Amino acid sequence: MRKLFVEALSRGTEFEVSSNDYKTSHRTVIIPGLVNASCYFPGMINVMTDRNSHTNKFAAISRAAIAGGFSTLCVTSSGQIKYRVTLVPAQANAKAGTPRADYTLNVSGLRDNSAAASAVSSDVAALTIDPGDSSSCSVLELINHFKTWPIESIIIASAKSADLAAEDISTIKKDKGQLVTCDVNVHALYLARKEYPNCLELCSPEDVAALWENLDVINCFTAGSLPYAIWKSAATADSNLPAPNASAGLEEVLPLLLTVVAEGKLTIEDVVSRTNTRLREIFNLPEQSETYVEVEVDRKVIVTRDSYSVGWTKVTALFFEAKQSFWMVSILVTVPAVTCRQRFGEF
């Protein structure tokens, strides 16, 4: 071959160099790093600060996030951060393990802490109100939070209780003039309480169908605590299952969304809008110009129990094995000084 090439050169043959480095039978799409507006971080206010990047829980969560395409994490308080005394250790624990992704922290809106929560509004990204929490506030207390929380700051309310009925939200919205947006946990589009009777965080099959029918009004997708809750409920019922991992679900979100794209229910642009553009606008997050996610689409791959860095999960066992294949083979996440590649099965 070398002799032929030298012979061709000696004859003055001109070779046009193509700008294409290689050709593939599938389509590669580059999208910006995803934003998880509902990142779950249990134990964030523990007094003991773990500075080991290999054992620090938030560092592990951030590694799984990067592997799943998330470059920004908005950490929910989950009732842990109530005022400045609990905010300080949370900030220390998040920073200690040198997380791989950008992140923000929220404060919880609970009973009788409206003044204390608003006092730290400049140090957090949002106020989180979860009606499912045992110390959650009533509608009247909720209104107090809306009144004392700075109007330019964000309030995140989980609408899974009768106390947060549509008319209540509408009343609050008119009272103070807030703009209301809607986000959905991606796993809630696929899993219902029918499959996991012990997981109260899941909704009914009818509610799942309603979510699919109203995708056009859902303008944000998140990966919250739902996969963890599913795993925890399953492990409680079956002692043979491993303990739940807070990183559960982070590597599953983008494959699920790309499968929705392959089914024609959303476009790549819809995914980018709901996982990046809209969330950066809402949380006033800066663009990450040097960060991007490269995904390979247009070919299927079999997903197995070993497809994810967090190991086997109940979500993988029930849903993914039934679904069998997804329209995405690999994710290449590039962030400054960090490159992490996630692969699925054999191809």
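Residues numbered from 1 in each chain as written. Predicted model: local features only at pLDDT ≥ 70, side-chain atom pairs only at ≥ 80, totals over all residues. Heavy atoms only, no water.

Let's shift gears to the overall build of the chain. Along the chain, the regular secondary structure elements total eleven helices and 13 strands. A fraction of 74% describes how many contacts in the chain between residues 6 or more apart in sequence connect residues 24 or more apart. Carbon and sulfur atoms make up 52% of the accessible area of the chain, which totals about 17,800 Å². (Helix = DSSP H or I, 4+ residues; strand = E, 2+ residues; numbered from the N terminus. Contact = heavy atoms within 4.5 Å. Areas by Shrake-Rupley, 256 points an atom, 1.4 Å probe, with all protein chains shown as cover.)

Disulfides are covalent bonds that link the sulfur atoms of two cysteine residues. For the structure on display, the rule yields zero disulfides. With no disulfide partner, cysteine 39 has as its closest neighbouring cysteine sulfur the one in cysteine 74, 8.7 Å distant. Relative accessible area serves as the criterion here: at 1%, cysteine 39 is assigned to the buried category. (Disulfide = S-S within 2.5 Å. Buried < 20%, exposed > 50% of the residue type's maximum accessible area, 1.4 Å probe, protein only.)

As for its placement among the helices and strands, isoleucine 30 is situated in strand β1 (residues 27-32). Residue classification places isoleucine 30 among the exposed positions, given a relative accessible area of 55%. Sequence spacing of isoleucine 30 and isoleucine 268 is 238 residues, and the spatial spacing of their C-alpha atoms is 9.9 Å.

Another point: the sheet that holds strand β3 (residues 70-75). With parallel pairing, the five strands of this open sheet are ordered in space as β2-β3-β4-β5-β6. Either end of the sheet is taken by a strand with one partner, and the two such strands are β2 (34-39) and β6 (154-157). Within the sheet, the average angular offset between the axes of one strand and its neighbour, ignoring direction, is 30°. By the bridge criterion, four bridges tie β3 to strand β4 (residues 102-108) in an arrangement that is parallel. Across the sheet, the residue bridging to leucine 73 is tyrosine 103, located in β4. (Pairing = 2+ DSSP bridges. Axes fitted to C-alpha atoms, helices over the stretch in contact; angles between N-to-C directions.)

Turning our attention to the environment of cysteine 74. On the secondary structure map, cysteine 74 appears in strand β3. Overall, cysteine 74 belongs to the buried group, its relative accessible area being 0%. It is 5.8 Å that separates the C-alpha atoms of cysteine 74 and serine 38, two residues lying 36 residues apart in sequence. If sequence neighbours within four positions are ignored, cysteine 74 has contacts with Val35, Asn36, Ala37, Ser38, Cys39, Thr104, Phe283 and Leu285.

Here we come to the pattern of salt bridges. Here the idea is simple: oppositely charged side chains can pair when their charged atoms come close. By the definition in use, this model includes four salt bridges. The shortest N-O distance in the salt bridge between aspartate 123 and arginine 84 comes to 2.9 Å. With aspartate 123 in the loop between α4 (114-119) and β5 (126-129) and arginine 84 in helix α3 (residues 84-96), this residue pair connects regions lying 39 residues apart in the sequence. Among the salt bridges present, the one from lysine 265 reaches glutamate 263, with a minimum N-O distance of 3.6 Å. On the accessibility criterion, lysine 265 (44% relative accessible area) is partly exposed. We classify glutamate 263 as partly exposed; its relative accessible area is 35%. (Salt bridge = Lys/Arg side-chain N within 4 Å of Asp/Glu carboxyl O.)

Turning next to unusual backbone geometry. A negative phi angle characterises most non-glycine residues, just as the trans form characterises most peptide bonds. Backbone geometry at aspartate 112 places phi at a positive 60°, although glycine is not the residue there. You can see aspartate 112 is positioned in the loop between β4 and α4. Looking at aspartate 112, the relative accessible area reads 74%, which means it is exposed. Of note in the backbone geometry, asparagine 284 takes a positive phi value of approximately 55° without being a glycine. On the secondary structure map, asparagine 284 appears in the loop between α10 (268-283) and β9 (292-297). Judged by relative accessible area, asparagine 284 falls into the exposed class, the value being 68%.

A full pass over the atoms with the stated rule returns four aromatic pairs. Ring geometry for tyrosine 40 versus tyrosine 228: centroids 5.0 Å apart, planes at 55°, classification tilted. Here tyrosine 40, found in the loop between β2 and α2 (57-67), pairs with tyrosine 228, found in helix α8 (residues 226-237); they are 188 residues apart in sequence, far enough to count as distant. Residue classification places tyrosine 40 among the buried residues on the basis of a relative accessible area of 18%. For tyrosine 228, a relative accessible area of 16% gives the class buried. Centroid distance tyrosine 190 to tryptophan 212: 5.5 Å. Interplanar angle 85°. Geometry classified as edge-to-face. Taken together, the residues span a long stretch of sequence, with tyrosine 190 in the loop between β7 (183-185) and α7 (205-213) and tryptophan 212 in helix α7 at a distance of 22 residues. Grouping aromatic residues by their ring pairs yields a cluster made of Phe41, Phe58 and Tyr103. Looking at lysine 265, its charged tip hangs above the ring of tryptophan 212, at a distance of 4.2 Å from the centre. (Phe/Tyr/Trp six-rings, centres within 6.5 Å; stacked < 30°, edge-to-face > 60°. Lys NZ or Arg CZ within 6 Å of the ring centre and 35° of its normal.)

What follows deals with the confidence of the model for the chain. Within the chain, residue pLDDT values average 76, and 67% of them lie at 70 or more. Within the chain, the element-level pLDDT minimum falls on strand β13 (residues 338-343), averaging 40, and the maximum on α10, averaging 92. Below pLDDT 50 for its whole length, residues 337-347 participates in 39 contacts with residues either more than four positions away or in separate chains. (pLDDT = per-residue confidence, 0-100.)

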